[in-house]
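Structural description and commentary
So the chains spell out like this:
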Amino acid sequence: MQNDLELSVSRRAFVAGSVAVTASPLLGAMPALAQAKTSVAVRIERDITVLDPAFRGGPHDANVIRCVYQRLIKQKDGSVETELDAAADLKQVSPTLIEFTLKPGQMFTDGFGEMTAEDVKFSFERFAVAPVDGKISPYKGDWTGLAGVEVTGTYTGKINLSQPNAGLLAIAIADASGCIVSKKAVMARGVEHNTKPVGSGPYQVVSVEKQRGAVLKRNPTYSGAKPTFEEIKVNFIQDPKTAELALRSGELDFAVLPPAIAEPMRSAQGIVVDQSPGLAYVWLGINMEKAPFTDLRVRQAVRLALDVDQMLLAGFNGKAPRLNTLVMQPILGAWTEAPVYKRNVAEAKKLLAEAGQSAIKTRITILNQPAYQTMALVAQALLKEVGITAELDVQEGGTYWDAGKGEAGKNLDLFMMRFNGKLDPNFLMQWFVSSQIGTWNWQRFNSPEFDRLYQEAIVESDPAKRAATVIKAQQEMDKSAAFVWLTNDVAFAVRRASVKPAYLPGALDWQLDRFTSA
């Protein structure tokens, strides 16, 4: 089934905008060597956390998950267009009803039997409708409106919605939240399933080692197209410089790297650098519940004290475009007329004086990545000029990603964050609803109007009306002054010339089972 959502035209335009910048002189010159390659090694910048679709830790997990499990539909090679995967048929009968029929004979690994419609029901409903052991998935927003899955036969079922969900096919069913797990395996293995997942996809996980990554082997019982490589090594390498060295030495075949690391590799022998528009969103957030940032004037002062262009020049060598709002082009609801805030020291000082603040001491919490550290140093100097003294709180990935969660999140001041995006506005907005406070809404942005607009947008099937609603929601974010938008990033996919990777626009979502020899 082809996804005919309203974004299709824009998506194609976005794909067309992707540019392959550098071609290695070795590309195409080593067919015999490329054909002999049976294993490929890729780099992830965060350690493997949870290989369960409902509780995955982020895209680093999702990139493994999507080749271990099947979905009813999945994206085509390098495209956001979809095709059938586990389903023999998928039909949207109405805005609130989708019917599916599974292909027979799709077997789960480790002897857990054949996939049935009961597994589909279990996989989808446990996100929020019928959570196992009371555990609510942080990705429940992907399944907004799901009322339940009705099993009508061994291979057939109906997905019933209480309200339309304009992003359901693209964001949930065709993506990681639509991965179909074995009900028997999840119940039998419990938490062990997080690192010993049971799927029916092209690959199976043979090992997960903390701080090292995972090893995948081709699944001999997979009923779909046979992947090119027998083995995939998913290596956790946090430091991009270390990843660069591994690529140059041939120990690594593929990585997405920052511009400062990737650019000099263009001339390296046997290396190809592909550049494309980024799909992430990076910003400096302000905790609205932590004094003195509870005062709107203080947050506005921070926004006016910073020089986004200067920060990007330092952090991304000027290669990353500036972002002025949450939803970027070409995604539906891009606010093209969003304010472009310029540094205004005098106005920032005036706002601080009106708020009765003359010597604020604060801290900026960041991940220990060179780009963020560099940008934070610039921000520190800029804030100093308006009377705000900021310490840098540089954290390892193991602690950083929990810094804004739970009770600890209440003590956060300023922080720099990077989320990975998808081509749907509600996916981008879901992390900022009030129910995400304590999870991913580290600003503790609590706006009933934003929440209402988020719900209004997700059920709206008219693209123009939906876009207008999404823009209004972004205006609510802007009013809060809790977000200093920085960039969408830029994707530099670096690979050995002997390997041809596959990924969706933005190079965030990889298709590991579609990697081939070049």
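Residues numbered from 1 in each chain as written. Predicted model: local features only at pLDDT ≥ 70, side-chain atom pairs only at ≥ 80, totals over all residues. Heavy atoms only, no water.

The next subject is the environment of G406. Here G406 shows up in the loop between α13 (397-400) and β16 (414-420). Taking the C-alpha atoms as reference points, G406 and W440, separated by 34 residues in sequence, lie 9.7 Å from one another. Other than its neighbours up to four places away in sequence, G406 contacts G438 and R444. (Helix = DSSP H or I, 4+ residues; strand = E, 2+ residues; numbered from the N terminus. Contact = heavy atoms within 4.5 Å.)

Turning our eyes to something else, we now look at the domain arrangement of the protein. Once the domains are mapped, the protein shows domain 1 (40-275 + 493-517) and domain 2 (281-488). If you average the C-alpha positions of domain 1 and of domain 2, the two centres end up 29 Å apart. Taken residue by residue, the interface counts 23 residues in domain 1 and 26 residues in domain 2. For the domain 1 and domain 2 pair, buried surface summed over both sides reaches about 2100 Å², with 55% attributable to carbon and sulfur atoms. Per-residue buried area on domain 1 facing domain 2 is highest for I171, Q238 and L508; these three make up 23% of the total on that side. (Domains from an automatic or database assignment. Buried area = accessible area lost by both parts, 1.4 Å probe.)

As for its placement among the helices and strands, A338 is situated in the loop between α10 (308-316) and α11 (345-354). Through-space distance from the C-alpha of A338 to that of L323 is 9.6 Å; in sequence the pair is 15 residues apart. Look past the residues within four positions of A338 in its chain and what remains in contact with it is N324 and T325.

One finds L72, I159, Y281 and F432 to be the most contacted residues of the largest nonpolar core, which totals 128 residues. Top element by residues in this core is helix α12 (residues 370-384). It accounts for eight residues. In terms of domain composition, this core takes at least three residues from each of domain 1 (40-275 + 493-517) and domain 2 (281-488). For F432, the contacting residues outside a window of four places in its chain are Y281, W283, L326, F419, N441, Q443, F445, F450, M477 and F483. Counting residues in hydrophobic clusters, the runner-up holds 32 residues, among them L51, Y69, V205 and I232. (Core = buried A, V, L, I, M, F, W, Y, C linked by side-chain atoms within 4.5 Å. Buried < 20%, exposed > 50% of the residue type's maximum accessible area, 1.4 Å probe, protein only.)

Spatial strand order, β4-β5-β7-β6: four strands in an open sheet with antiparallel pairing. Looking at which strands have only one partner, the edges of the open sheet turn out to be β4 (87-94) and β6 (146-151). For this sheet the average axis-to-axis angle between neighbouring strands, irrespective of direction, equals 15°. Alignment of β6 against strand β7 (residues 156-161), held across five bridges, turns out to be antiparallel. The residue bridging V149 from the neighbouring strand is I159, located in β7. Where helix α4 (residues 117-125) meets the sheet, its contacts fall on β5 (97-102), β6 and β7, and the angle it forms with β6 comes to roughly 170°. (Pairing = 2+ DSSP bridges. Axes fitted to C-alpha atoms, helices over the stretch in contact; angles between N-to-C directions.)

A few words on the UniProt feature "domain: Solute-binding protein family" (unreviewed entry) in the protein. As annotated by UniProt and renumbered to match this structure, "domain: Solute-binding protein family" (unreviewed entry) occupies residues 98-436. Taken end to end, residues 98-436 has its terminal C-alpha atoms 28 Å apart, with 26% of it in helix and 23% in strand. (UniProt positions renumbered as here; feature names shortened; annotations may be inferred.)

The next point concerns the packing of aromatic side chains. Each aromatic ring pair is summarised here by two numbers: the centre-to-centre distance and the angle between the ring planes. For the coordinates displayed, the defined rule picks out 24 aromatic pairs. Relative to W283, the ring of Y281 has its centre 5.7 Å away and its plane inclined at 15°; by these criteria the two rings are stacked. Assigned by exposure class, Y281 and W283 land together as buried. Consider the rings of F415 and W442, whose centres lie 5.5 Å apart with planes at 65°: the pair is edge-to-face. With a gap of 27 residues between them, F415 in strand β16 and W442 in the loop between α14 (425-429) and α15 (448-459) connect regions that are remote in the sequence. Taking the relative accessible area as the measure of exposure, W442 reaches 1% and is therefore buried. (Phe/Tyr/Trp six-rings, centres within 6.5 Å; stacked < 30°, edge-to-face > 60°.)

Moving on, we come to the sheet that holds strand β17 (residues 483-487). As summarised here, the arrangement of the five strands in space is β15-β14-β16-β13-β17, forming an open sheet in which the pairing is mixed. The open sheet has two edge strands with one neighbour each: β15 (388-395) and β17. Pairs of neighbouring strands in the sheet enclose a mean axial angle of 25°, with direction left out of account. Sheet analysis places strand β13 (residues 280-286) next to β16, joined by seven bridges and oriented antiparallel. Directly across from V282, in β16, lies its bridge partner R418.

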